Amino acid sequence: TNGSSLASTPASSPAGTASPLLNPQHQQQLQQLAYGGSYKAMTLEDFRALPDKIILVRHAESQGNVDARIYSTTPDYEVPLSARGWEQAVACGEDIRLLMQAEHGPSYKLFFMTSPYCRTRQTFVGLRQAFPDRNFAGVQEEVQLREQDFGNFQNPDKIKADLAERNRFGRFYYRFPGGESGSDVYNRVSIFEDHLIRDMKAGRFSQSTSLCLVTHGLTMRVFLMRWFNWTVESFLQVWLKVL
């Protein structure tokens, strides 16, 4: 979708989602093989160290959403917001402020993590306007939250052909020439989440602090896939519903 989107998920421990291709017994066996007991049971102290909320925000409307030809002359990471996108970012910030205030009163803290792309940085600037300094816990850029890499300068006709080929090959596994596949994005987001959980357990986001991740559409869904241990089939169902 164009423009900003807001999704909030409770910062609970990851939980698996059954694949429609596997019965519950096989799904349980698959998860045991995949994780091998590497996830230890959450203790009370672990829960106390979790942030109150994790809020996911896709960047607002960019100039690339308005006219895809910009990608043939401007690097993806430099594509800015459109005028409408700036308005969306400010409005989304106000929506988050109202959400936080309604659930936590005036004493909450919100820490931002953002992709280093121009459009996500600018979306953060728009969001930030809604929050007084007393509620702003800081901001940190995370390279692993960047957009899926589609290659360097993108010829519109070539990208159109690549997208058609991706649909035939499989959305999650198709690797764009000179770029990334969805599974590549999954690998780097997994590293990000491992570091994030380490910081949580160290108490970095406790004491009524919530997180707001400002990122990109695919990266946001991959984050949820990794957090909730979705199968590829479950991820693709969410992908199709969102698009």
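Scroll up for the structure.
Conventions adopted
Residues numbered from 1 in each chain as written. Predicted model: local features only at pLDDT ≥ 70, side-chain atom pairs only at ≥ 80, totals over all residues. Heavy atoms only, no water. Helix = DSSP H or I, 4+ residues; strand = E, 2+ residues; numbered from the N terminus. Buried < 20%, exposed > 50% of the residue type's maximum accessible area, 1.4 Å probe, protein only. Contact = heavy atoms within 4.5 Å. Areas by Shrake-Rupley, 256 points an atom, 1.4 Å probe, with all protein chains shown as cover. Phe/Tyr/Trp six-rings, centres within 6.5 Å; stacked < 30°, edge-to-face > 60°. Lys NZ or Arg CZ within 6 Å of the ring centre and 35° of its normal. Polar contact = N/O pair within 3.5 Å; in protein donor to acceptor, adjacent residues only side chain to side chain.

**Focus on the overall build of the protein**
Looking only at helices and strands, the protein features nine helices and five strands. Within the protein, the proportion of its 243 residues that are buried is 47%. Intrachain contacts of the protein at a sequence separation of at least 6 include 78% that bridge at least 24 residues. Carbon and sulfur atoms form 54% of the exposed surface of the protein, whose accessible area is close to 12300 Å².

**Let's talk about helix H8 (residues 217-227)**
Residues separated by three or four positions in an α-helix point in the same direction, a consequence of the helix having 3.6 residues per turn. For H8, the buried fraction is high: eleven of the eleven residues fall into the buried class. Among all positions of H8, only Gly-217, Leu-218, Thr-219, Met-220, Arg-221, Val-222, Phe-223, Leu-224, Met-225, Arg-226 and Trp-227 are buried. Asn-229 lies just past H8 and shows a positive phi near 55 degrees.

**Quick notes on unusual backbone geometry**
Phi angles above zero are rare outside glycine, and Asn-229 is one such case at about 55 degrees. Topologically, Asn-229 is positioned in the loop between H8 and helix H9 (232-242).

**Remarks on the packing of aromatic side chains**
The tally for this structure, following the rule as stated, stands at 15 aromatic pairs. Here Phe-112 and Phe-131 contribute two aromatic rings whose centre-to-centre distance is 5.9 Å and whose plane-to-plane angle is 65 degrees, an arrangement assigned as edge-to-face. In this pair, Phe-112 is assigned in strand S3 (residues 109-114) and Phe-131 in the loop between helix H5 (118-128) and strand S4 (136-141), connecting sequence segments 19 residues apart. One exposure class covers both Phe-112 and Phe-131, and it is buried. Through successive ring pairs, a cluster of aromatic residues spans Phe-112, Phe-124, Phe-131 and Phe-136. It is Arg-128 that lies over the ring of Phe-136; its NZ or CZ is 4.0 Å from the centre.

**A word on the side chain of Asp-184**
Relative to the helices and strands, Asp-184 resides in helix H7 (residues 182-201). In terms of polar contacts, Asp-184 uses its side chain to reach the backbone amide nitrogen of Ser-181, at 2.9 Å. Apart from residues no more than four positions distant in its own chain, Asp-184 is found in contact with Arg-175 and Gly-179.

**Comments concerning the environment of Lys-109**
Here Lys-109 lies in strand S3. On the basis of relative accessibility, which here comes to 31%, the residue Lys-109 falls in the partly exposed class. Residues Lys-109 and Phe-131, spaced 22 residues apart in sequence, show a C-alpha to C-alpha distance of 9.6 Å. The contacts of Lys-109, once residues within four sequence positions are left out, are Arg-134, Asn-135, Ala-137, Ser-208, Thr-209 and Ser-210. At 2.5 Å, the side chain of Lys-109 and the backbone oxygen of Arg-134 are in polar contact.

Geometric descriptors of this kind do not, in isolation, establish any biological role.
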